[in-house]
Amino acid sequence: MKRMPSLPLAAGLGLAVLLASGTTALAQVKLLNVSYDPTRELYVEVNKAFGAQWKQQTGQTVDISQSHGGSGKQARSVIDGLEADVVTLGLAADIDAIVEKSQRIAPDWAKKLPNHATPFTSTVVFVVRKGNPRQIKEWDDLVKPGTIVVTPNPKTSAGGRWAYLAAWGVARQKGGDAAAKDYVTKLYKNVPVLDSGARGSTITFSQRNIGHALLAWENEAVMLVNEMGKDKFDIVYPTSSILAEPPVAVVDRNVDKHKTRAAAEAYLKFLYTDEGQAIGAKHHYRPTNAAILGKNASQFPKVKLFSVDDTFGGWAAATKAHFADGGLFDQIYKPGW
Amino acid sequence: MTSNPENMTTKGSSVPDSRPPSFRASSVGTPSPRVRPFRIGGAALLAIVAATGSAAAQAPATPGTANVAAPAVTDTGATPPAAPAPEATPNLTELQNRIDAAEQASRIAVRRVELLEEQLAATAQAAKQQKDVPTFTTAGERGFNFRSGDGLYLLRVKGQLQIDTRWFLNDGALSDKADTFLIRRMRPSIDGTVFGLVDYKFTPDFAGASLAVFDAYADIHPFQWLRLRAGKFKSPLGLERLQNDPDLVFMERALTQDLTPQRDVGAALGGEVGNGILTYSLGVYNGAPDSANPDVDTNHAKDFVGRVLLQPFKAEALSGLGSLGLHFAASTGNRFGTPTNTLLPAYKSGGQNTFFNYISGTTDPAGTPFAHLRQTRINPGLYYYFGGFGVLGEYVWDKQEVQKGNVTTNLVNWAAHGTASFVIGGKNGYDGATPNQVLDFTKGTWGALEIGVRWNYLKVDGATFGSTTDTTALVFADNTKSPAKVQAFGGAINYVPSRTFRLCVNFEQSRFTGGSSVKTTTTDATGAKVTTATVTNRHTENALLGRVQVNF
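Values in this document were obtained by computation on a predicted structure and should not be read as measured data.

*Asks:* Which parts of the structure should I look at to understand the overall build of chain A?
*Replies:* On a plain count of helices and strands, chain A comes out with 15 helices and twelve strands. For chain A, buried positions account for 59% of its 337 residues. Across chain A, every contact between residues at least 6 apart in sequence was considered, and the portion connecting residues at least 24 apart equals 74%.

*Asks:* I tried to follow the overall build of chain B on my own but got confused; where do I start?
*Replies:* On a plain count of helices and strands, chain B comes out with two helices and 24 strands. The buried share of chain B, reckoned over its 552 residues, is 42%. A sequence separation of at least 24 residues applies to 62% of the contacts in chain B between residues at least 6 apart. For chain B, the exposed area adds up to about 26700 Å²; of that, 62% sits on carbon and sulfur atoms.

*Asks:* Mind showing me how you'd approach the environment of Y188(A) here?
*Replies:* All names here are of chain A. Looking at where Y188 falls in the secondary structure, it is placed in helix α6 (residues 158–189). Put simply, Y188 and V149 are 39 residues apart on the chain and 7.9 Å apart in space, counted from C-alpha to C-alpha. Setting aside residues up to four positions removed in sequence, Y188 forms contacts with T151, P154, G160, Y164, L194, F329, I332 and Y333.

*Asks:* So what exactly am I meant to see when it comes to helix α8 (residues 218–228) of chain A here?
*Replies:* Helical geometry: 3.6 residues make up each α-helical turn, so side chains three or four residues apart lie on a common side. All names here are of chain A. Burial of α8 is extensive: nine of the eleven residues sit out of reach of the surface. Of the surrounding elements, those touching the buried residues of α8 are α2 (40–58), β5 (124–129), α7 (198–206), β7 (213–217), β8 (233–236) and β11 (286–287). Where α8 terminates, the next one or two residues include G229, which has phi positive at roughly 120°.

*Asks:* I tried to follow the pattern of salt bridges on my own but got confused; where do I start?
*Replies:* Pairs may arise between side chains of opposite charge once their charged atoms sit close together. The final tally for this structure, using the stated rule, is 43 salt bridges over all chains. Between E41(A) and R199(A) there is a salt bridge; the shortest N-O distance is 3.5 Å. One end of the pair, E41(A), is in helix α2; the other, R199(A), is in helix α7, and 158 residues separate them in sequence. Here E41(A) matches R199(A) in class, with each residue buried. Salt-bridge contacts for D303(B) lead to R335(B); the nearest nitrogen and oxygen are separated by 2.8 Å. Of the two residues, D303(B) is situated in strand β11 (residues 303–310) and R335(B) in strand β12 (residues 323–336); the sequence distance between them amounts to 32 residues. Of the residues examined, D303(B) reaches a relative accessible area of 2% and is grouped as buried.

*Asks:* What am I meant to see in the environment of N286(B) here?
*Replies:* Residue position: N286(B) is located in the loop between β10 (278–285) and β11. On the basis of relative accessible area, N286(B) is assigned to the buried category, the value being 16%.

*Asks:* How do you make sense of unusual backbone geometry when you look at a structure like this?
*Replies:* A negative phi angle characterises most non-glycine residues, just as the trans form characterises most peptide bonds. One non-glycine residue with positive phi stands out, namely N209(A), at about 55°. Examined against the element boundaries, N209(A) turns out to sit in the loop between α7 and β7.

*Asks:* Just to check I follow, could you spell out the packing of aromatic side chains for this structure?
*Replies:* Each pair of aromatic rings is reported with the distance of its centres and the angle of its planes. Under the counting rule described, the total for this entry stands at 35 aromatic pairs over all chains. Measuring from centroid to centroid gives 6.5 Å for Y347(B) and F355(B), while their planes differ by 45°, and the two rings are tilted. Judged by its relative accessible area of 2%, F355(B) falls in the buried class. Ring pairs connect the aromatic residues Y164(A), W168(A), Y188(A), F323(A), F329(A) and Y333(A), which therefore count as one cluster.

*Asks:* Whenever I open this one, the confidence of the model for chain B confuses me. Can you help?
*Replies:* Low pLDDT marks regions whose predicted coordinates should not be analysed in detail. Residue and element names in this part refer to chain B. Here chain B averages 81 in pLDDT, and 80% of its residues register 70 or above. Scored below 50 in pLDDT, residues 1–81 makes 173 contacts in the model with residues more than four places away or belonging to other chains. Under the prediction, the complex receives an ipTM of 0.71, its pTM being 0.53.

*Asks:* Could you clarify how one ought to interpret the pairing of β5(A) in this entry?
*Replies:* Looking along a regular strand, one sees the side chains alternate between the two faces of the sheet. Residues and elements named next belong to chain A. Among the six residues in β5, six count as buried, and that is most of the element. Relative to β7, β5 runs antiparallel, the two being bridged by five bridges. Counted as the bridge partner of V124 is W217 from β7. The sheet contact formed by β5 and β8 spans four bridges and is antiparallel. Following the sheet pairing, V128 is matched in β8 by D234.

*Asks:* It is not clear to me how the packing of α6(A) against helix α14 (residues 315–323) of chain A should be interpreted in this structure. Could you clarify?
*Replies:* The axes of two packed helices give the description: the angle between them and the distance between them. Residues and elements named next belong to chain A. At a minimum axis separation of 12 Å, α6 and α14 run at an interaxial angle of 85°. The orientation of α6 with respect to α14, classified from their angle, is roughly perpendicular. Only W315, A318, T319, H322 and F323 of α14 make contact with α6, whose side of the interface consists of R161, W162, Y164, L165 and W168. Counted by class, the contact of α6 with α14 contains seven nonpolar, two polar and one charged residues.

*Asks:* Help me out: how do you make sense of the pairing of β11(B) in this one?
*Replies:* All names here are of chain B. Bridge analysis of β10 against β11 gives eight bridges, and the strand direction is antiparallel. Across the sheet, residue L278 finds its bridge partner in β11, namely L310. Pairing of β11 with β12 involves seven bridges; the strand directions are antiparallel. When the sheet's bridge partners are listed, L310 is paired in β12 with L326.

*Asks:* Would you take a moment to explain the side chain of D245(B) for this structure?
*Replies:* Residues and elements named next belong to chain B. By secondary structure assignment, the location of D245 is in the loop between β8 (226–233) and β9 (264–273). In this structure the side chain of D245 is engaged in a polar contact, spanning 2.9 Å, whose partner is the side chain of R187. Apart from the residues within four sequence positions on either side, D245 is in contact with Q160, Q162, R185, R187, R253 and Q549.

*Asks:* Can you help me understand the side chain of D252(A) in this one?
*Replies:* Structurally, the position occupied by D252(A) is in helix α9 (residues 252–258). If sequence neighbours within four positions are ignored, D252(A) has contacts with R104(A), I105(A), A106(A), K112(A) and R261(A).

Thresholds applied
- Residues numbered from 1 in each chain as written.
- Chains lettered and ligands numbered in written order.
- Predicted model: local features only at pLDDT ≥ 70, side-chain atom pairs only at ≥ 80, totals over all residues.
- Heavy atoms only, no water.
- Helix = DSSP H or I, 4+ residues; strand = E, 2+ residues; numbered from the N terminus.
- Buried < 20%, exposed > 50% of the residue type's maximum accessible area, 1.4 Å probe, protein only.
- Contact = heavy atoms within 4.5 Å.
- Areas by Shrake-Rupley, 256 points an atom, 1.4 Å probe, with all protein chains shown as cover.
- Salt bridge = Lys/Arg side-chain N within 4 Å of Asp/Glu carboxyl O.
- Phe/Tyr/Trp six-rings, centres within 6.5 Å; stacked < 30°, edge-to-face > 60°.
- pLDDT = per-residue confidence, 0-100.
- Pairing = 2+ DSSP bridges.
- Axes fitted to C-alpha atoms, helices over the stretch in contact; angles between N-to-C directions.
- Parallel < 35°, antiparallel > 145°, perpendicular 65-115°, else oblique.
- Nonpolar A, V, L, I, M, F, W, Y, C, P; charged D, E, K, R; others polar.
- Polar contact = N/O pair within 3.5 Å; in protein donor to acceptor, adjacent residues only side chain to side chain.

Right, here's the structure in full:
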């Protein structure tokens, strides 16, 4: 019987091909970060810094794509099948919606990272035209007759929802829920355009030249002033506003499917590192790390902040009362007023 | 042309755009050609408005969201004046204010048109995506899945095939020599979701002599804590019964299964509270006898069955302690058996041989006992899994009122079992062994090996067999044919290459008390031969079972 010298050769070649393909797969990992409107620039820089760190630690190249939009719409996309590895959204309620409607994220997501999975905080401030011609300094100034306010739709935008709750919370402190409802009704009478996301509102205000005041995330406000010209806009910090806590979470079902859990978890944990916190501060998000916040204290004026939990009993209650179909927002806002 | 900044996916690396980064996504800055006519037209209109002294704020609203007269505004800080008196001649500042206000109104109108266009485009795109990608098809451990683009509809095709062999060692004294190969289960299954709200499942079994339906139900789940299931399914009795067949440590369930129904038809409310720390179920069912799988009811009476399952280690602070389940279930309901449809069970051993039957009066119906009125079952149990280690144990107490002739009595039977298992190369759990790495020759991974041992026991009420001292006591079962007790010890070795495939070898020895007899013939004082039967134990059963299982 003839020997078959080709058999070990084929086995060797097969093994080499196997090893090569395995090595290539091992050398690269892809992540998709589905985020809300104003975080584009933040995550461009975070991705770059994390990629370098991950490469150094594991030898893997991490290729991170970003998707941005109104927080509620982004959550809906993930529910409908957008293969996000991580979500970095504007509201805890939006992540809860993913949990509830698609089970793609474990229900205990908020306990898996520090500070209820909130690496940075922010607040809602006012952006006004240069010199603040209408002298808008506090929330009451926004409801004066003739004042035009620009803010996104709280039904679709995290920024819009924070702004709405900030307005309600401030008014409530003065006169209870009845006064708050009256105040917010007047406020939204002065809102002629509801964009679906915070970035859209910024464009409406800054590039379409609509309105006297923009209710914006603090980071979005600072970026607008810095990039569009300090000679065009001023930022007004009201005495009191809301503590905005945009959370992050790994999309468990997707990372298990993509086999990207390790990188996805490391990516979110990176946000809590000194480097990640410093990048957040650079992009005008308030770090949760007290030391990093202290180093950057000058760029974050003191505002008396109240939380959703304390004022509204948590996001579930706030969402049900204010933003559910037929809720308070639907009651006070009449399109076409 | 619109400034929709949403849902743009960009790589986190370079972004070659010279505009400020925050606005790269936008086409805003220079009005698009479609916007420009609005602005030009608006400016022309405003000139007329200003010249005629009309306030922009007084413009009538047009339909939709882009048609509302905006509040009058000015960037000079002055509040726009009310409609001027016809005879007054506006000064330059007032005119400027009016122009500013009119410009704002015009810009708002244009922006609203843009937003409407964006909404229409997004709606059209979503509709197109919905149309273009109607389904996602996947295949894996959980079957073949077909899901609609919006995720609201799901169809899963699944299957379970168990090919068994049973060999009874040292069975020379047994009359029912049952060494055999057989198809134990052959169950295709269809399940899924409609409207994103209602789950459904349909599972027939083609194994055996006739087609049987095992699951056929709809499950409405508006909330995690509240779901309504209606149809044919497992009533929540039997901790091991509630485990899926392919996930069991032993090929056949323990003796406790003899005292719980396989399936029942009814409706139940249930759900999970506190992230699954508490699971509950409360239902009303037709009322299935022990071990039965009925499709229809024979009377008006119904069973009420409830269950709570406490899983304290699902609390975040305790999540590192493994998986602990504390189960308690109970049922109660009436039976209306007859001599021809007794609604009384027969009990099977681990080797699936019937070892217990109630007597049947072949000529006299009054000699046949049957279930009459109340049956109550109580079923506590627990499981604990940590890493590869797992234990599961339960107890079933079963009281049934039985009638024979015109006499009734309550008979209480009970059973218990404890199973311990260890998974090498995998994770153990209530949902079965899961290999850390599935069998893959190319990677040199081999799946998992599951080893299990168990003890199980069943005791029939002594009153079932009459009385040795009271000859008038009724006899419901013949103790020379049906044992009063059985105790079994078993061991299992299962090779689990993946959750979809396993090879099983089980051995179980069942020892009986009663259930057989020795006949002795003697001669009495008159010289006549008298034959008497002395109760002895049924021959010990040594069952060696093997299985090839495919499950997806």
